[in-house]
Amino acid sequence: MDKSIKNIAETVQQMLKNAEGGHDWLHINRVYKNAMQIYNKEKKGDLYILQLAALLHDIADAKFNNGDEAIASELALKVMLGNSVPENVINEVIKIIENMSYRSRYDNSGFTSIEMDIVRDADMLDALGAIGIARAFNYGGFKNRPLYDPEGKPQKITSKDQYIRNDGPTIHHFFEKLIKLKDLMQTETGKEMAKERHEYLVTFINQFYDDIGEDKPDI
Ligand code: ADP
Ligand code: NI
């Protein structure tokens, strides 16, 4: 492993030591591993850019920093400059970080790259399956949200602002985002890896509504 990658991994681990349980160092580590699994299968993209993007993609999410959208790339830039990452690589990684989040889909800048496709798929995989369920309810708990609401319905989200402001019950997040992820996967390997995790999510949702004796919303 490149020395700067090792150093940056240590820095990120340190920076995230008080992070919410779904966006902590363990999340970064899982995304990194997913990204390596996809890369090793697809044999596409630049490994160094991929590694940096995976490690730095969640070091300062706006939703944990009073909505500050600039802080993520500012910190990533600082970490890369401190580790002598070449300027052309820094530029690519910053573009990935600024464009890869789910909410960025609502104000798409048009930027794409194979490395972004891989890291994004790797990140979406961690929002699916048993781990995705655990993360969603952890986030909901962190925000003190109800698990479900027998009166309410999941929203049809059409803008980034609506996505960010949404403070509905956690189970609605499954309809609003999580079950849509498998169709957003870009790499063949990612699509393959998402299948089982997606099925698990659907089974969970069905069991959840059975358990509470309510009808499952149909959107
Ligand atoms: P991105 O950072 O890609 O824009 P989010 O931060 O919104 O995406 O989502 C990352 C993860 O955070 C989700 O997969 C989920 O685990 C958790 N999360 C985000 N918003 C919610 C929510 N409203 N309810 C439950 N979990 C959420
Ligand atoms: Ni992430």
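Our subject is the structure that appears above.
In this text the structure is predicted, and so the values were computed from the model without any measurement. (Residues numbered from 1 in each chain as written. Chains lettered and ligands numbered in written order. Predicted model: local features only at pLDDT ≥ 70, side-chain atom pairs only at ≥ 80, totals over all residues. Heavy atoms only, no water.)

Notes on the packing of aromatic side chains
Rules: The criterion for an aromatic pair is that two Phe, Tyr or Trp rings (for Trp, the six-membered ring) have centres within 6.5 Å, with stacked assigned to planes under 30 degrees apart, edge-to-face to planes over 60 apart and tilted to the rest. Exposed residues in this analysis have more than 50% of their type's maximum accessible area, buried residues have under 20%, and partly exposed residues fall in between, with area computed by a 1.4 Å probe over protein chains only.
The final tally for this structure, using the stated rule, is 13 aromatic pairs. Ring geometry for tyrosine 102 versus tyrosine 106: centroids 6.0 Å apart, planes at 80 degrees, classification edge-to-face. The class of tyrosine 102 is buried, set by a relative accessible area of 11%. Using a relative accessible area of 24% as the deciding quantity, one classes tyrosine 106 as partly exposed. An aromatic cluster of three or more residues is present, and its members are Phe137, Tyr148, Phe174, Phe175, Phe204, Phe208 and Tyr209.

As for the site of ligand 1
Applicable threshold: Being near a molecule or strand, for a residue, means having at least one of its heavy atoms within 4 Å of it. Polar contact criterion, stated in full: a pair of N or O atoms within 3.5 Å, where within protein one must be able to donate a hydrogen and the other to accept it, and residues adjacent in sequence count only if both atoms are side-chain atoms. The method behind every accessible area is Shrake-Rupley, applied with a 1.4 Å probe, and residues are considered shielded solely by the protein chains displayed. Labels follow the DSSP assignment, with helices taken as runs of H or I lasting at least four residues and strands as runs of E lasting at least two, numbered in each case from the N terminus. As a working rule, the residues Ala, Val, Leu, Ile, Met, Phe, Trp, Tyr, Cys and Pro are called nonpolar, Asp, Glu, Lys and Arg charged, and the rest polar, with Gly in that last group.
The full set close to ligand 1 counts 16 residues, and Lys63, Tyr102, Arg103, Tyr163 and Lys177 are the nearest of them. Note that an oxygen atom of ligand 1 is positioned 2.2 Å from one of the side-chain N or O atoms of lysine 63. The backbone of tyrosine 102 places a nitrogen or oxygen atom 2.7 Å from an oxygen atom of ligand 1. Look at ligand 1: alone it shows 530 Å² of surface, and the protein chains cover 92% of it. Contributing elements (two or more residues each) for the shell around ligand 1: helix H7 (129–142) and helix H9 (170–176). Take the shell around ligand 1: its biggest share by element is 3 residues, from H7. For the shell around ligand 1, the residue count by class is 6 nonpolar, 4 polar and 6 charged.

Quick notes on the coordination of the nickel ion (ligand 2)
Put simply, the test is: Donors, by definition, are the N, O and S atoms found within 2.8 Å of a metal, the threshold being 3.2 Å for Na, K and Ca, and water is not counted, so a site can look incomplete. Angular criteria define each label, namely tetrahedral for four donors with all angles between 85 and 135 degrees, square planar for four and octahedral for six donors with opposite donors over 155 degrees apart and remaining angles between 65 and 115, and irregular for whatever fails these tests.
Of the protein atoms, only His27 (NE2), His57 (NE2), Asp58 (OD) and Asp123 (OD) coordinate the nickel ion (ligand 2), at distances of 2.1 to 2.2 Å. Angles of 87 to 177 degrees at the metal separate the 4 donor atoms of the nickel ion (ligand 2), which places the site in the irregular class. Given the relative accessible area of 8%, histidine 57 is considered buried.

Section: a negative patch on the surface
The following threshold applies: Residues forming no salt bridge and having over 30% relative accessible area are the ones grouped into patches, like charges within 9 Å of each other and nonpolar side chains (Val, Leu, Ile, Met, Phe, Trp, Tyr) within 5 Å. By convention in these notes, a salt bridge is any Lys or Arg side-chain nitrogen within 4 Å of a carboxyl oxygen on Asp or Glu. This count recognises Lys and Arg as positive and Asp and Glu as negative, with His and chain-terminal groups excluded. Charge placement uses NZ in Lys and CZ in Arg. For Asp and Glu, CG and CD serve respectively.
On the surface, Asp149, Glu151, Glu214 and Asp215 cluster together to form a negatively charged patch. Here glutamate 214 is to be found in the segment after helix H10 (188–212). The partly exposed category is assigned to glutamate 214, whose relative accessible area is 33%.

Points about the side chain of arginine 120
Condition: Two residues form a contact once any of their heavy atoms are found within 4.5 Å.
Looking at the element boundaries, arginine 120 is found in helix H6 (residues 114–125). With no salt bridge to any partner, buried arginine 120 finds its closest opposite charge in aspartate 117, at an N-O distance of 5.4 Å. Arginine 120 has contacts with Asn99, Met100, Ser101 and Arg105, leaving out every residue within four places of it along the chain.

Section: the nonpolar core
One broad rule of soluble globular proteins: the nonpolar side chains tend to lie buried together. Rule in force here: We define a nonpolar core as any set of buried Ala, Val, Leu, Ile, Met, Phe, Trp, Tyr and Cys residues linked to one another through side-chain atoms lying within 4.5 Å.
Counting residues in hydrophobic clusters, the biggest one holds 60 residues, and the most contacted among them are Leu52, Leu56, Met80, Val93 and Phe174. For valine 93, the residues in contact, after removing those within four places along its chain, are Ile49, Leu52, Ala53, Leu56 and Met80.

Considering the packing of helix H3 (residues 47–56) against helix H5 (residues 87–99)
Operational definition: Helix axes use the C-alpha atoms of the stretch in contact, all axes being lines fitted to C-alpha atoms, and the angles between their N-to-C directions lie in the range 0 to 180 degrees. Every angle not falling under 35 degrees, over 145, or within 65 to 115 is termed oblique; those three ranges are roughly parallel, roughly antiparallel and roughly perpendicular. For any helix crossing, the convention is left-handed if the near helix is rotated counterclockwise from the far helix by under a right angle, and right-handed if that rotation is clockwise.
Relative to each other, H3 and H5 sit at 45 degrees, their axes nearing to 9 Å. What the angle tells us is that H3 and H5 run oblique. Crossing hand, H3 versus H5: right-handed. Contacts from Tyr48, Ile49, Leu52, Ala53 and Leu56 of H3 reach H5 at Val89, Glu92, Val93, Ile96 and Ile97. The class makeup of the residues in the contact of H3 with H5 is 9 nonpolar, no polar and 1 charged.

Limitation: the analysis is restricted to geometry and does not speak to function.
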